[in-house]
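# Overview (structure and organization)
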Amino acid sequence: MKKLIVLIALAGFCAPVLAATAQQEKMKTCNAEAKTKALKGDERNKFMSECLSAKSAAPAAEEKKLTPQQEKMKTCNAKAKGLKGDEFKKARDECLKAK
């Protein structure tokens, strides 16, 4: 029981750290985009405000990380792209067995 309480407490301390990291990544992305667009002054402030307040696709992508098997399947499907039917299945299966 004590171990469970300790684990829950540690999880509570780690959650804000992970959230801060996601916010920092969002800040980096918005800064880079503002720099690319060469925004200055009020235009940059407005852009940064909108960018940081918008829900980005990056956190969603982080939540849906692919497993190693899914990565392998994605790579093999890409290699077999353009093939049809049995040829596709054969190429994909050979790729999956090779790795």
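For the structure itself, consult the block above.
Described below are features of the structure shown in this document. (Residues numbered from 1 in each chain as written. Predicted model: local features only at pLDDT ≥ 70, side-chain atom pairs only at ≥ 80, totals over all residues. Heavy atoms only, no water.)

Before going further, it helps to spend a moment on the state of the cysteines. What the rule picks out here adds up to two disulfides. Here C30 engages in a disulfide with C51; their sulfurs sit 1.9 Å apart. Note on the C30 and C51 pair: the S-S dihedral is about -80°, so by sign convention the disulfide is left-handed. On the criterion of sequence distance, the pair formed by C30 in helix α1 (residues 2–36) and C51 in helix α2 (residues 41–53) is long-range, its members being 21 residues apart. (Disulfide = S-S within 2.5 Å. Helix = DSSP H or I, 4+ residues; strand = E, 2+ residues; numbered from the N terminus.)

On to the nonpolar core, then. In terms of nonpolar packing, the biggest core is built from six residues, these being C30, A34, L39, F47, M48 and C51. Those elements that provide at least two residues to this core are α1 and α2. In this structure A34 touches L39, R44, F47 and M48, once residues within four positions along its chain are discounted. (Core = buried A, V, L, I, M, F, W, Y, C linked by side-chain atoms within 4.5 Å. Buried < 20%, exposed > 50% of the residue type's maximum accessible area, 1.4 Å probe, protein only. Contact = heavy atoms within 4.5 Å.)

Further remarks concern the packing of helix α4 (residues 68–79) against helix α5 (residues 85–98). Each pair of packed helices can be described by the angle between their axes along with the distance between the axes. Contact geometry of α4 with α5 gives a least axis separation of 9 Å together with a crossing angle of 135°. By the criterion of interaxial angle, the relationship of α4 to α5 is oblique. Where α4 crosses over α5, the handedness of that crossing is right-handed. In contact with Q69, K72, M73, C76, N77 and K79 of α4, α5 contributes F88, R92, C95 and L96. Of the residues that constitute the contact of α4 with α5, the class distribution is five nonpolar, two polar and three charged. (Axes fitted to C-alpha atoms, helices over the stretch in contact; angles between N-to-C directions. Parallel < 35°, antiparallel > 145°, perpendicular 65-115°, else oblique. Left-handed = near helix turned anticlockwise from the far one by under 90°. Nonpolar A, V, L, I, M, F, W, Y, C, P; charged D, E, K, R; others polar.)

As a further point, take the side chain of K26. Tracing the backbone shows K26 in helix α1. Separated by 2.4 Å, the side chain of K26 and the backbone oxygen of A54 make a polar contact. (Polar contact = N/O pair within 3.5 Å; in protein donor to acceptor, adjacent residues only side chain to side chain.)

This paragraph deals with the pattern of salt bridges. In total, this model carries three salt bridges according to the counting rule given. When the shortest N-O distance is used, the salt bridge between E25 and K28 registers 3.7 Å. With E25 and K28 both in helix α1 and three residues apart, the pair spans about one turn of that helix. In this structure E25 comes out as partly exposed when scored by relative accessible area, which is 36%. A salt bridge links D93 to R92; the shortest N-O distance between them is 3.9 Å. (Salt bridge = Lys/Arg side-chain N within 4 Å of Asp/Glu carboxyl O.)

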